[in-house]
Amino acid sequence: MQQEQQMQQEQMDQQQMQNDMDGQDQVEDFAELVKGDIINLYKEKSEQAGLQPHDAFIQYLEETYDENDSIDIVIHGNHKYMFTDRITDDHLIVICSTLQRYAIHIEEIDLRYNSITDIGARALGDLISKSVRLLNLNLMGNAIKSEGAQYLAESLKDCPNMQSLNFNMNKIKTGGAMMVTELLFTHDKLVSLSLGNNKIDHDGIIGILSVLNSSNFTLQELNIDNPVYRTICQSVAIHFGKMFQNNVGLQKLSLQKHKLRDDGVYIMTVSYTHLTL
């Protein structure tokens, strides 16, 4: 008996040693943040991919050349200078490859209104899985579908400090939305979530409300605009009413184009007293 316990202890010690070594290897995989090094590496990888370095990313790196405490990926495709030069999957793949060893320094990713599909989302997900300091992710107005959203949601499980997440105006539908909503079970620092205009159906909306009714009371802002109801949407109002009664954390809710009738609106309004619609 004593010998078995000793063997078990030795196995545990070996496992702990292996875990410590793995953690040390993971830290050593990351490089010191030096913007000059990133510029050179990005240009090199762009040339290998047969692409011109994207002007917006180069400009950001040059403007923040001496700021080496964190790095952000902020490229707005709806900027007046970006209408004909939006970020594509090919651009994003090269950017993500460049930043793999710098992922621990990334705090914000804002790629709204670009031309990113599931292919680019997968490359971004691989980067995000190493970006443990990530606070904000905005992918509004791209072309990401359910598969891309699911891959990103899985990657975001490794980002416990997430504060805001925006998938508005993509194509993630109910399957993608449900995977993203799972983050509400574990990410208590997530205060803003936008899933509107994604063709989320009746079951998807009820699924989101169920989580907010029983498992998450820290989310403060939610956008679920323009769902696709194939049943009488008044039944959804009952679920809204139940959620309003139990969840006092939610402060702002956007419900554009829900096509509720007067009785549905009444069911909802008698239940809430604390948030802005």
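What counts, and where the lines are drawn
The residue count restarts for each chain, going from 1 along the sequence in the order it is written. For a predicted model such as this one, the threshold for reporting local features is a pLDDT of at least 70, and the threshold for listing and counting side-chain atom pairs is 80 or more; totals across whole chains, interfaces and linings nevertheless cover every residue. With hydrogens and water stripped out, all remaining heavy atoms of the structure feed into the side-chain values. A pocket here means an open set of points on a 1 Å grid, computed over the protein atoms alone, that has protein on both sides within 12 Å along at least five of seven lines. A cavity is instead a set of points where a 1.4 Å probe fits but cannot get out; residues with an atom within 4 Å of a point line either one. Grid points are joined across faces, edges and corners, and a volume is the space filled by probe spheres set on the points. In this description a helix means any DSSP run of H or I spanning at least four residues, a strand means any run of E spanning at least two, and both kinds are numbered starting from the N terminus. When residues are grouped by polarity, Ala, Val, Leu, Ile, Met, Phe, Trp, Tyr, Cys and Pro land in nonpolar, Asp, Glu, Lys and Arg in charged, and all others, Gly among them, in polar. By convention, a stacked pair of Phe, Tyr or Trp rings (six-membered ring in the case of Trp) has centres within 6.5 Å and planes under 30 degrees apart, an edge-to-face pair has planes over 60 apart, and any other such pair is tilted. Burial classification: accessible surface area is computed with a 1.4 Å probe over protein chains only, and a residue below 20% of its type maximum counts as buried, one above 50% as exposed, and the rest as partly exposed. Should any heavy atoms of two residues lie within 4.5 Å, those residues are counted as being in contact. Think of each axis as a best-fit line through the C-alpha atoms, taken over the contacting stretch in the case of a helix, with angles from 0 to 180 degrees between the N-to-C directions. Orientation categories follow fixed angle ranges, with anything under 35 degrees roughly parallel, anything over 145 roughly antiparallel, 65 to 115 roughly perpendicular, and all other angles oblique. Put simply, a crossing is left-handed when the front helix is turned counterclockwise from the back one by less than a right angle, and right-handed when it is turned clockwise.

*Asks:* Just checking my understanding: could you explain the layout of surface pockets for this structure?
*Replies:* It is a probe the size of a water molecule, rolled over the atoms, that shows where empty space is left. Estimates place the volume of the largest pocket at around 260 Å³. In this structure, the largest pocket is lined by Asp55, Ala56, Gln59, Tyr60, Glu63, Val74, Ile75, His76, His79, Tyr81, Met82 and Asp85. Broken down by element, the lining of the largest pocket gets its largest block of residues, five residues, from helix α3 (residues 55–63). Taken together, the residues that form the lining of the largest pocket break down as six nonpolar, three polar and three charged. Put simply, the second largest pocket is a space of about 230 Å³. Lining the second largest pocket are 19 residues, with Asn166, Ser192, Leu193, Ser194 and Glu221 positioned closest to its centre.

*Asks:* When you look at the packing of aromatic side chains in this model, what are you seeing that I'm missing?
*Replies:* Aromatic ring pairs are defined here through the distance separating the ring centres and the angle between the ring planes. If you walk through the whole model with that rule in mind, you get two aromatic pairs. Summarising the aromatic geometry, the rings of phenylalanine 240 and phenylalanine 244 are spaced 6.0 Å apart at their centres and angled 35° between planes, so their arrangement reads as tilted. In this pair, phenylalanine 240 and phenylalanine 244 are both assigned in helix α9 (residues 234–246), four residues apart and thus about one turn of the helix distant. Overall, phenylalanine 240 belongs to the buried group, its relative accessible area being 0%. On the accessibility criterion, phenylalanine 244 (2% relative accessible area) is buried.

*Asks:* Please explain helix α4 (residues 89–99) as it appears in this structure.
*Replies:* Note that an α-helix has 3.6 residues per turn; residues three or four places apart therefore point the same way. Judged by how many residues are buried, α4 sits mostly within the fold: eight of eleven residues are covered. Among all positions in α4, only Asp89, His91, Leu92, Val94, Ile95, Cys96, Thr98 and Leu99 are buried. Where the residues of α4 are buried, they touch α2 (35–48), α3, β1 (71–74), β2 (106–110) and α5 (118–128).

*Asks:* Just checking my understanding: could you explain the packing of α5 against helix α6 (residues 146–156) for this structure?
*Replies:* When two helices pack together, their arrangement is given by the angle between the helix axes and by the axis-to-axis distance. For the pair α5 and α6, interaxial distance at closest approach is 9 Å and the crossing angle is 5°. As judged from the angle between their axes, α5 and α6 are roughly parallel. Here Asp118, Ala121, Arg122, Leu124, Gly125, Asp126 and Ile128 of α5 lie close against α6, whose contacting residues are Glu147, Gly148, Tyr151, Leu152, Ser155 and Leu156. For the contact of α5 with α6, the class distribution of residues is six nonpolar, three polar and four charged.

*Asks:* How should I be thinking about the packing of α2 against α3 in this particular structure?
*Replies:* Following both chains from N to C, one finds α2 and α3 inclined at 160°, their axes separated by 9 Å at the closest point. Taken together, the axes of α2 and α3 lie roughly antiparallel to each other. Once α2 is placed against α3, the crossing between them reads as left-handed. Each of Lys35, Ile38, Ile39, Tyr42 and Lys43 in α2 lies in contact with α3, whose residues at this interface are Phe57, Ile58, Tyr60, Leu61 and Glu62. For the contact of α2 with α3, the class distribution of residues is seven nonpolar, no polar and three charged.

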